[in-house]
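Residues per chain are reported as follows:
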Number of protein chains: 4
Amino acid sequence: MLKIGVLGCGRIGVMHAANIAAHGRAALAGLYDVNGAAADALGAKLGAKVFNTAEAMITSPDVDTVLIATSTATHSDYIEAAIAAGKAVLCEKPIDLDLQRVNLCQSRIKDTKLPVMIGFVRRFDAGHRAARQAMLDGEIGTLHQVVITSRDPGMAPDAYMQVSGGIFRDMTIHDFDLARYMLGEEVETVTATGSRLVNPTLMARLGDYDSVVVTMTTSSGKQAVIINSRQALYGYDQRLELFGDKGMVISENRRAHNMTRHLAGGTNTAAPLLDFFIERYADAFNAEIGSFVDAVEGKAAVEVGFDDGRLALVLAEAAMKSVAEARTVRVSEIG
Amino acid sequence: MLKIGVLGCGRIGVMHAANIAAHGRAALAGLYDVNGAAADALGAKLGAKVFNTAEAMITSPDVDTVLIATSTATHSDYIEAAIAAGKAVLCEKPIDLDLQRVNLCQSRIKDTKLPVMIGFVRRFDAGHRAARQAMLDGEIGTLHQVVITSRDPGMAPDAYMQVSGGIFRDMTIHDFDLARYMLGEEVETVTATGSRLVNPTLMARLGDYDSVVVTMTTSSGKQAVIINSRQALYGYDQRLELFGDKGMVISENRRAHNMTRHLAGGTNTAAPLLDFFIERYADAFNAEIGSFVDAVEGKAAVEVGFDDGRLALVLAEAAMKSVAEARTVRVSEIG
Amino acid sequence: MLKIGVLGCGRIGVMHAANIAAHGRAALAGLYDVNGAAADALGAKLGAKVFNTAEAMITSPDVDTVLIATSTATHSDYIEAAIAAGKAVLCEKPIDLDLQRVNLCQSRIKDTKLPVMIGFVRRFDAGHRAARQAMLDGEIGTLHQVVITSRDPGMAPDAYMQVSGGIFRDMTIHDFDLARYMLGEEVETVTATGSRLVNPTLMARLGDYDSVVVTMTTSSGKQAVIINSRQALYGYDQRLELFGDKGMVISENRRAHNMTRHLAGGTNTAAPLLDFFIERYADAFNAEIGSFVDAVEGKAAVEVGFDDGRLALVLAEAAMKSVAEARTVRVSEIG
Amino acid sequence: MLKIGVLGCGRIGVMHAANIAAHGRAALAGLYDVNGAAADALGAKLGAKVFNTAEAMITSPDVDTVLIATSTATHSDYIEAAIAAGKAVLCEKPIDLDLQRVNLCQSRIKDTKLPVMIGFVRRFDAGHRAARQAMLDGEIGTLHQVVITSRDPGMAPDAYMQVSGGIFRDMTIHDFDLARYMLGEEVETVTATGSRLVNPTLMARLGDYDSVVVTMTTSSGKQAVIINSRQALYGYDQRLELFGDKGMVISENRRAHNMTRHLAGGTNTAAPLLDFFIERYADAFNAEIGSFVDAVEGKAAVEVGFDDGRLALVLAEAAMKSVAEARTVRVSEIG
């Protein structure tokens, strides 16, 4: 049993803590949140010890490893603290909104042998993985194009949008990582367009976009397309298409069940899409914990390393620059 | 070009005549209808000769073969007249509602070498044929179960229902033939239940049923299930399932196109089913003409012979007896 | 927390025990199996107390309620013992293969107010429930026809087949209950056919069937069709169709994910069906525990009562009689 | 009956001629091809007059209107000749590979009131039209994103590739027009990437690409994405997605029938995609003739005008410039 302490008891932290508590190979060793009441409530429910400070939890002998699910600005500090305490880390994405801070963190932990894993959960989705596995098995031949459609069911509250870091670093970042995972070779160019269609007023005020399309190419010419919107009224739209010279695989949206209606007003009407990420990626979040346990126990390499987290952010910066300058940006132009 | 004369210019006759006129290997050689105005209108539109009597058309040297699309009660007479005139026949189903009349007709034409084909159009549906072909190719191994779902979009007018001959001889007869076509060996037992659910009052008055389930078995134990309803508000429901010891094939409902809606109120909502048989089996009706031309030209055997028409009626009678006596009826009990 | 003791640590018992241990409102209070090693292993894994006798567990003050997952022949005895000990019961299906024993058990516990629930898990499947709810909400109008397709992925070992009680009592019994749940009114007639197609030799030796079709009708004429096979090489085929005078709902098969292949050899090829019942009904088994907890806590009525278990067996006997006598059997003929 | 003469008896011309000959409101008034034998063969088959020169056909009093299906380089000349002869024109795409030639043609025919229609057949596809109609009916609210996936089943012969004008003017041009049709407002910016993945050697030699992604934006910020490949081994991949602030509609690929296989090796395997454009857009090509007849008869406006043909070419040039300069190109930069 790997004893994992969870920093942060917000929506994501609560889910991770419950997954860990129920996990066959992990135990929930402790909780901390800046909001003590939130940590206490979760601790009472799950029967887990609550620490008064992050430091106390990180350094506690009862805690083998640390899962960081706090606000983004604290991620790097906690990663550094955990590594300093000799603890492996599973950190929610993004590492930081500021690439310089990420680079600094990387340099500070560069000598560690401890697993540092970033929580890009979509890599662990059963459908996405099955698509990738089919590709690795040669079923679609050589990969040519990756198409990722990723639309949130609705815009987050204004308060969140203001600190989100912008759509590329907040939302597309998942797709940047997923694209990299599928492409299997590094991205060389990024070309992006951004539009303000869902909430033009807010987006203009923030200098942000709510609808973006990103095209990326690799050294061998493989293409990846990401299509994002902050609001899809039909639900959380999460699709992945891998196209190669021998065929195509598609990881389609998922529903809670396969009940369809056939009525005078419409045939084949299906159940709503699983909505939102907690539901859609429930199994994936759980598999992510298993992958982390494997890495810590030395049974497998870290599936999503620190540099994966950093490179997704680099692509986000490249996309921002591409939109601003209305041109294709080479990744080598960014840090 | 095979010169085909069409007897009967009702809804089905009009469709057949247009198919023949546009067919690459057939020509519309003449028309007749007891309602002269209907024949005249169709003849004017399609540029075809209109005859004053059925006899005149059947015996005309301009007519090579006869397609019979008149009311059921006249089918046997016209078959006999066409054969007597040395003309091959394509006759709409059913041959007659009265099995004795069918048997008489069969005895009268028993010496002919001329093709006599019965219009069980579903055999020519591309999806149903592809399912059968997959079975013949061994893809599903040995056939075990056939499941046919066949529901009309709505009840026909009362006037029609009164002369329809009852659901088994009027509607299920298509499914009896389709089941035989798929089973590939003769049916031995028929077990049926009938309910009055769509229009109980009318059905009780007519001694008929609007919702029936029929189970049939063959000598080797293969099972066929037919599920019928006179009214499906979502459209014309036409499905076929072949289940064998190595797998299953399904011929699903068809739509005019594959546009789907993904809205807040429902995802994956598809276009309506093709509705009604003229639309659903448009390609099949056309293929049926081609099959008839092949048979007359000696390029292929008759795909649906007179005895197929007779045996479907035998199964209908067996089903009626099964419902009446609440027991499994052996086909050998019927004529 | 409802403290549940589990009798029987075979495949089903192991699953139930794990579900209970992880359940938010239940606790695993004890285990017993005639094979002590099996119980010990499970107890060690889940941290649960293991009892030396069923009696000890049933009467233990640490155990609030009893889940019975032992071999069928012991079900009635344990139900009676639990009720005698004042404990509510959740018993796996069937209650017994012998209707007389079931009737005796019913008479013996007839005065109890304690919940006795039978584990017909399919009632708790999300898709099947959503279909039923749509019906209850009036979406399909008045129900006319229920079609249940239920095929196992493969034949059980011969040893099991010999004590299974026959297909109707062993396999179809789930569908009898599901049909009753959907019909919403009692079945009046049962008409069945049975074939020996998968393993004719074994079936003939056992006097059993491996492929059956059952048609049932209710007092108002509603029809239910059950199509069973002991072996579907493409996986565990579990479908439910509810057809009414305003439309139809279908609960389709489920897959682990929605990845599809589009290759030269075939398009739209989907992932395999969830296979077998432990996987297909994993959520349903969990929901079943929740429903039992609700019943015990008085928050809801027992969803599947003892009489539901008894009536499914009555339908099984009626089907056996129908096959044997090649006729429609009225349920009132059975006890 | 509108008398239509067909210039060009290659694959497309043959199809158009057959459609016209069978059309209820059009008649095939003549044929011409530079390859006289091809014209003669088609004329014999369809019973149509064959002309010795294009001029003779264009000016014949038997010919009301002209359908141009010759090689691209001749399109503008024939358009001008037909207009000079007072005949309406339906011209296959593209008008010309050279935008200057197109502009010249436009200036030469600018005073005509005669319908000049360009054959962008995808506008007439039932699924694509249903998607657009749903949008026009407000079902998806305000349009935000258009996603067009368009992949050919295989690379054309090298000889064709050398004179194709490049992927943007030859293949993507259909998608440029379809995007414009769906966007409902003019495109302002074009951003494209091109890769050489299918046949890198040939593409490099021709300075062409076989895999492209194009993103376009309109004045209001609507985004359109086009994903192309010259080779999809699973068939002719033609999909359209319209995403708006109230929902999404998708026009999916089409198959000849809906037979699916469920075998041990794969479930839900569907029939191949309709392949190639002659089959996939058979109904659309026919509807296009109807639309042309409507325009000539004054019953409806020309659905795809000369300027639509020109603007698609402008977008192709913008895309070429975007790839060459690795930047977003404003449409106003092109002629």
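Keep in mind that what you see is a predicted model, and the values were worked out from it rather than measured. (Residues numbered from 1 in each chain as written. Chains lettered and ligands numbered in written order. Predicted model: local features only at pLDDT ≥ 70, side-chain atom pairs only at ≥ 80, totals over all residues. Heavy atoms only, no water.)

Considering the overall build of chain A
Of the regular secondary structure elements, chain A holds 13 helices and 14 strands. The C-alpha atoms of chain A give 20 Å as radius of gyration, which agrees with the globular expectation for 335 residues (20 Å, within 12%). Taken along its principal axes, the extent of the C-alpha atoms in chain A is 55 × 55 × 45 Å. Going through the 335 residues of chain A one by one, you find that 62% of them count as buried. Residue pairs at least 24 apart in sequence account for 70% of intrachain contacts in chain A once pairs closer than 6 positions are excluded. Carbon and sulfur atoms provide 51% of the accessible area of chain A, an area that totals close to 11500 Å². Charge centroids of chain A, computed over 33 positive and 40 negative side chains, lie 1 Å from each other. (Helix = DSSP H or I, 4+ residues; strand = E, 2+ residues; numbered from the N terminus. Rg over C-alpha atoms; globule rule 2.2 N^0.38 Å. Buried < 20%, exposed > 50% of the residue type's maximum accessible area, 1.4 Å probe, protein only. Contact = heavy atoms within 4.5 Å. Areas by Shrake-Rupley, 256 points an atom, 1.4 Å probe, with all protein chains shown as cover. Lys, Arg positive; Asp, Glu negative; His and termini not counted. Charge placed at Lys NZ, Arg CZ, Asp CG, Glu CD.)

Quick notes on the relation of the copies chain C and chain A
Turning chain C through 180° and shifting it by 0.0 Å along the axis lays it on chain A, with an RMSD of 0.0 Å. Here the two chains are linked by the operation of a two-fold rotation axis. Of the C-alpha atoms belonging to chain C, the one lying closest to the rotation axis is found on A22(C), 3.2 Å away. Mapped onto chain A, 100% of the interface residues of chain C are again interface residues, and the two copies thus contact each other with one and the same surface. (Least-squares fit on C-alpha atoms with pLDDT ≥ 70 in both.)

A few points about the pattern of salt bridges
A side chain with one charge can pair with a side chain of the opposite charge if their charged atoms come near. Tallying each qualifying case throughout the model produces 109 salt bridges over all chains. With a closest N to O distance of 2.7 Å, R180(C) and E186(C) form a salt bridge. With a closest N to O distance of 2.7 Å, E333(D) and R327(D) form a salt bridge. Overall, R327(D) belongs to the partly exposed group, its relative accessible area being 24%. The structure contains a network of salt bridges with shared partners spanning R123(A), D177(A), R180(A), E186(A) and D308(A). (Salt bridge = Lys/Arg side-chain N within 4 Å of Asp/Glu carboxyl O.)

Comments concerning the packing of helix α1 (residues 11-22) of chain D against helix α12 (residues 282-296) of chain D
All names here are of chain D. The contact between α1 and α12 brings their axes to 10 Å, and the two run at 60°. Every pair of crossing elements has a handedness; the one defined by α1 and α12 is right-handed. Residue-level contacts link I12, M15, H16, N19 and I20 of α1 to F285, N286, E288 and I289 of α12. Each residue belonging to the contact of α1 with α12 can be placed in one class, and the counts come to five nonpolar, three polar and one charged. (Axes fitted to C-alpha atoms, helices over the stretch in contact; angles between N-to-C directions. Left-handed = near helix turned anticlockwise from the far one by under 90°. Nonpolar A, V, L, I, M, F, W, Y, C, P; charged D, E, K, R; others polar.)

Examining the sheet that holds strand β1 (residues 2-7) of chain D
Residues and elements named next belong to chain D. A sheet is described by the order of its strands in space; here five strands give the open sequence β2-β1-β3-β4-β5, paired in parallel fashion. Of all strands in the sheet, those with a lone pairing partner are β2 (26-32) and β5 (116-119), marking the two edges. For this sheet, the mean inter-axis angle between neighbouring strands, taken without regard to orientation, is 20°. Relative to strand β3 (residues 65-68), β1 runs parallel, the two sharing four bridges. Within β3, the residue paired with G5 across the bridge is V66. (Pairing = 2+ DSSP bridges.)

Side note on unusual backbone geometry
A cis geometry characterises the amide bond from D275(A) onward to F276(A), with omega recorded as 25°. Residue position: F276(A) is located in the loop between β13 (266-270) and α11 (277-280). Cis geometry is adopted by the peptide bond preceding P94(C), which originates at K93(C) and carries an omega value of -10°. For P94(C), the location among the structural elements is in the loop between β4 (88-92) and α5 (99-108). In the Ramachandran plot, N268(B) falls in the positive-phi region, its phi being about 70° despite a non-glycine side chain. Structurally, the position occupied by N268(B) is in strand β13 (residues 266-270). On the basis of relative accessibility, which here comes to 23%, the residue N268(B) falls in the partly exposed class. For A326(D), which is not a glycine, the phi torsion comes out positive at approximately 50°. Its place among the elements puts A326(D) in the loop between α13 (306-325) and β14 (329-330). Residue class for A326(D) comes out partly exposed when judged on its relative accessible area of 35%.

Here's the deal with the interface of chain C and chain A
Taken together, the contacts link 25 residues of chain C with 25 residues of chain A. Counting the surface lost from both chain C and chain A, the interface buries some 1900 Å², and carbon and sulfur atoms represent 54% of this. The largest per-residue losses of area from chain C upon contact with chain A belong to N258(C), M259(C) and H262(C), which jointly make up 26% of the total buried on that side. Applying the counting criterion to the chain C and chain A interface returns two salt bridges. (Buried area = accessible area lost by both parts, 1.4 Å probe.)

A word on the UniProt feature "domain: GFO/IDH/MocA-like oxidoreductase" (unreviewed entry) in chain A
This chain's UniProt record puts "domain: GFO/IDH/MocA-like oxidoreductase" (unreviewed entry) on residues 128-249 of chain A. Taken end to end, residues 128-249 of chain A is 31% helix and 36% strand, and its two terminal C-alpha atoms sit 10 Å from one another. (UniProt positions renumbered as here; feature names shortened; annotations may be inferred.)

Description of the environment of D33(B)
Residue and element names in this part refer to chain B. Turning to its location among the elements, D33 is positioned in the loop between β2 (26-32) and α2 (36-46). When its relative accessible area of 13% is taken as the criterion, D33 is described as buried. Taking the C-alpha atoms as reference points, D33 and A54, separated by 21 residues in sequence, lie 7.6 Å from one another. The contact partners of D33, leaving out residues within four places of it in the chain, are G8, C9, G10 and A39. Looking at D33, its side chain comes within polar contact range of the main-chain nitrogen of C9, at 2.4 Å. (Polar contact = N/O pair within 3.5 Å; in protein donor to acceptor, adjacent residues only side chain to side chain.)

Looking at the UniProt feature "domain: Gfo/Idh/MocA-like oxidoreductase N-terminal" (unreviewed entry) in chain A
Under the UniProt annotation, the feature "domain: Gfo/Idh/MocA-like oxidoreductase N-terminal" (unreviewed entry) is placed at residues 2-120 of chain A. Between the C-alpha atoms that bound residues 2-120 of chain A the distance is 21 Å, and the span itself is 41% helix and 22% strand.

Concerning the sheet that holds β4(C)
All names here are of chain C. Taken together, five strands build an open sheet; the order of strands is β2-β1-β3-β4-β5 and the sheet is parallel. Unpaired on one side and paired on the other, β2 (26-32) and β5 (116-119) mark the two borders of the sheet. In this sheet, adjacent strand axes meet at a mean angle of 20° when their direction is disregarded.

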